[in-house]
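Fold and contact review
Each chain is listed here by its residues.
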Amino acid sequence: MPDYGNAPRASSTTLIPKILWHWITERGLRVETGDQTLARYQALMSADLDEVETIIPADGSLLIVLHPGASPSNSLQALLVADLSAAIEAPGRMHELLVDYGGAAGRDLAAVAATAGLSMAEAIALHSAATYRVQFMGFQPGFAYLAGTPPGLHQPRLSRPRTQIPAGSLAVGGTYTGIYPAAGPGGWNLIGRVEAKLFDPHREPPALLMPGDEVRFVAL
Amino acid sequence: MTSPPLIEVLRAGLCDLVMDDGRYGYTHLGVPIGGAADALALRWANRLVGNADDAAGLEITLKGPLLAFPQGGAVALSGAPFAASRSSGDAVVWNETLVMAPDEQLDIGAVSSGCRCWLAVQGGIQVPEVMRRRSTFLPAGFGGLDGRALRASDQLALGEASVAPRVLRIEPPSTNETAPLRVVPGPQAAHFTDAGLAAFFNSGYRVDSASDRRGVRLHGAPVAVATQDDIATQAVLPGAIQIPPDGQPIILGWDGPVTGGYPVIAGLVSADLARLAQLKPGDTVRFATMTVESARTLARNRDVEVMDGY
């Protein structure tokens, strides 16, 4: 495969013409996967390719990290363009998480509701009626990016992230809902608090939520 | 009956961390691989004391600890040279097996050039495994010794040595510390203005004091973006060079996040992660591009053989 990807400023030919790809260092092959990100992730993981060290799903893309010195095999290149329309995604686990909406832990709930033209009770009802899906994880260990937030509750991130918010904070950022597994800085809009322990390094698996899992929030 | 082998920390260094070759298998859950900043250097030190490649040792940064070895044993140092002495008066030589006598002390002082060194101990450091590995992950406070750097009066249990120590040595590949860091252009190179790209590739950047294992923060000519539009959160890996809104580059380190929302202008070739491990605040770096194929060849050729010591 040529060096610089086939995106703008690309140097050369497209061995993989159907997808957009780039390198992040010589080991990280970043491919655009759109709404097939989880399906492509599962197909690549189950192929268990020799040259692949790890695969990290993200927002509409995958990062396929190769072992040092390794090149992408023909099998990998074929899997990147394989038609997945008939593939059946492995179902994730369904989690029901209890939420204490509003209050000090959900200090932005009033503003989120006001933006949507709703009362706080209506905003809670709307947020807890949806089913969410873990699209990918990152930011901190066990932090899941949950798709499925009702459009009325979409909120831009804070222009100035808070330096310290408590563990378990439930928040809305852009189109995503998330729960902060550990105390620390955070730039999303806080709407409540979840009791469940999202990440515990002494548990296997350590993360409660995994890519592909589904979540419903139950208001306390 | 002999007591189990251990290390006593008589004086802690600036940031002594228990490290192994990294915690694989959890990046999709938001946990970076971490591990020794120069995993190959720790591997060399482990081989010099007869350990398996995944044995845990110490990563020592800028200023080292004073350690006592009540039962003695073989140790080895790799990476950057530090001022160091032994209570026996014997010389402390890097990249060579050192056989410590019972109750001997090893005093590791300040770094003489570079930033980090690695200490392997025969038998390996036996802190409990967390998520299948022993590396310290400071950002979330787990792994290593209680998820933290060493403190005075800590004790580190060691595994039993299976064989008598044999003196070995290695010759690490030489590095040109003044050469530019080599990078592969990144996925968002097109997000930057020509002036921004020119600044990044043609000027020097100073390593900021806010740098740590999560990222090496640089200060210099700001790298201007052509658009302030947010990019979709993407997965990243150590060596990815992000440009935040202030235009000052951040080279992601071993304990950095696995996803990021800032555009990535370039990625450090993996062979030069060993040089990233040796950058300290105040150093100046420059960048030069390299092809993916050349970077892979470099990565394949960095390992060296262990030789007899004499």
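Computed from a predicted model, the values in this text were never measured in an experiment. (Residues numbered from 1 in each chain as written. Chains lettered and ligands numbered in written order. Predicted model: local features only at pLDDT ≥ 70, side-chain atom pairs only at ≥ 80, totals over all residues.)

What follows covers the overall build of chain A. When helices and strands are counted, chain A shows four helices and 13 strands. When its C-alpha atoms are laid out on the principal axes, chain A stretches across 55 × 40 × 35 Å. For chain A, with 220 residues in total, the buried portion stands at 43%. Long-range pairs, those at least 24 residues apart, make up 57% of the contacts in chain A between residues at least 6 apart in sequence. (Helix = DSSP H or I, 4+ residues; strand = E, 2+ residues; numbered from the N terminus. Buried ≥ 20, exposed ≤ 12 C-beta atoms within 10 Å, placed from the backbone. Contact = placed C-beta atoms within 7 Å.)

This next bit is on the sheet that holds strand β7 (residues 98-100) of chain B. Residue and element names in this part refer to chain B. The strand order across the open sheet formed by five strands is β2-β3-β9-β5-β7, and the pairing between neighbours is antiparallel. Either end of the sheet is taken by a strand with one partner, and the two such strands are β2 (17-19) and β7. Pairwise comparison of adjacent strand axes, ignoring direction, gives a mean angle of 30° for this sheet. Note: strand β5 (residues 73-79) against strand β9 (residues 116-121), five bridges, orientation antiparallel. In the sheet register, Ala76 faces β9, and the bridge partner there is Ala120. (Pairing = 2+ DSSP bridges. Axes fitted to C-alpha atoms, helices over the stretch in contact; angles between N-to-C directions.)

What follows covers the interface of chain A and chain B. A common way to express how large an interface is: the accessible area buried when the components associate. At the junction of the two partners, chain A supplies 43 residues and chain B supplies 39 residues. Among the elements of the structure, β1 (21-24), β2 (28-32), β3 (52-57), β4 (61-66) and β6 (132-137) of chain A are those that each provide at least two residues to the side of chain A that touches chain B. Per element, the largest residue contribution to the side of chain A that touches chain B is four residues, and it comes from β3(A). Split into classes, the residues belonging to the side of chain A that touches chain B amount to 24 nonpolar, 13 polar and six charged. (Nonpolar A, V, L, I, M, F, W, Y, C, P; charged D, E, K, R; others polar.)

Residue and element names in this part refer to chain B. Mapped onto the elements, Gly22 comes out in the loop between β2 and α1 (39-48). Spatially, the C-alpha atom of Gly22 lies 27 Å from that of Asp107, the residues being 85 residues apart in sequence. Setting aside residues up to four positions removed in sequence, Gly22 forms contacts with Ile33, Gly34, Gly35, Ala39, Arg133 and Ser135.

Moving on: the environment of Pro4(B). Structurally, Pro4(B) can be placed in the segment before β1 (6-11). Considering only alpha carbons, one finds Pro4(B) and Gly159(B), 155 residues apart in sequence, at a separation of 8.2 Å.

On to helix α4 (residues 292-300) of chain B, then. Along α4(B), the positions that sit buried rather than exposed are Val292(B), Ala295(B), Arg296(B) and Ala299(B). Projected down its long axis, α4(B) carries its buried residues within an arc of 100°, all on one side. (Arc of directions from axis to C-beta.)

This brings us to the pairing of strand β14 (residues 215-219) of chain B. Residues and elements named next belong to chain B. The buried fraction of β14 amounts to four of the five residues, a majority that puts the element mostly inside the structure. Relative to β14, strand β13 (residues 205-207) runs antiparallel, the two being bridged by two bridges. Bridge pairing links Val207 to Leu218 in β14. In this sheet, strand β17 (residues 250-252) lies alongside β14 in antiparallel orientation, the contact comprising three bridges.

A word on the confidence of the model for chain B. The predicted coordinates should not be examined in detail at positions where pLDDT is low. Overall, the predicted model of chain B reaches an average pLDDT of 95, with 99% of residues at or above 70. With a pTM of 0.94, the predicted complex shows an ipTM of 0.94. (pLDDT = per-residue confidence, 0-100.)

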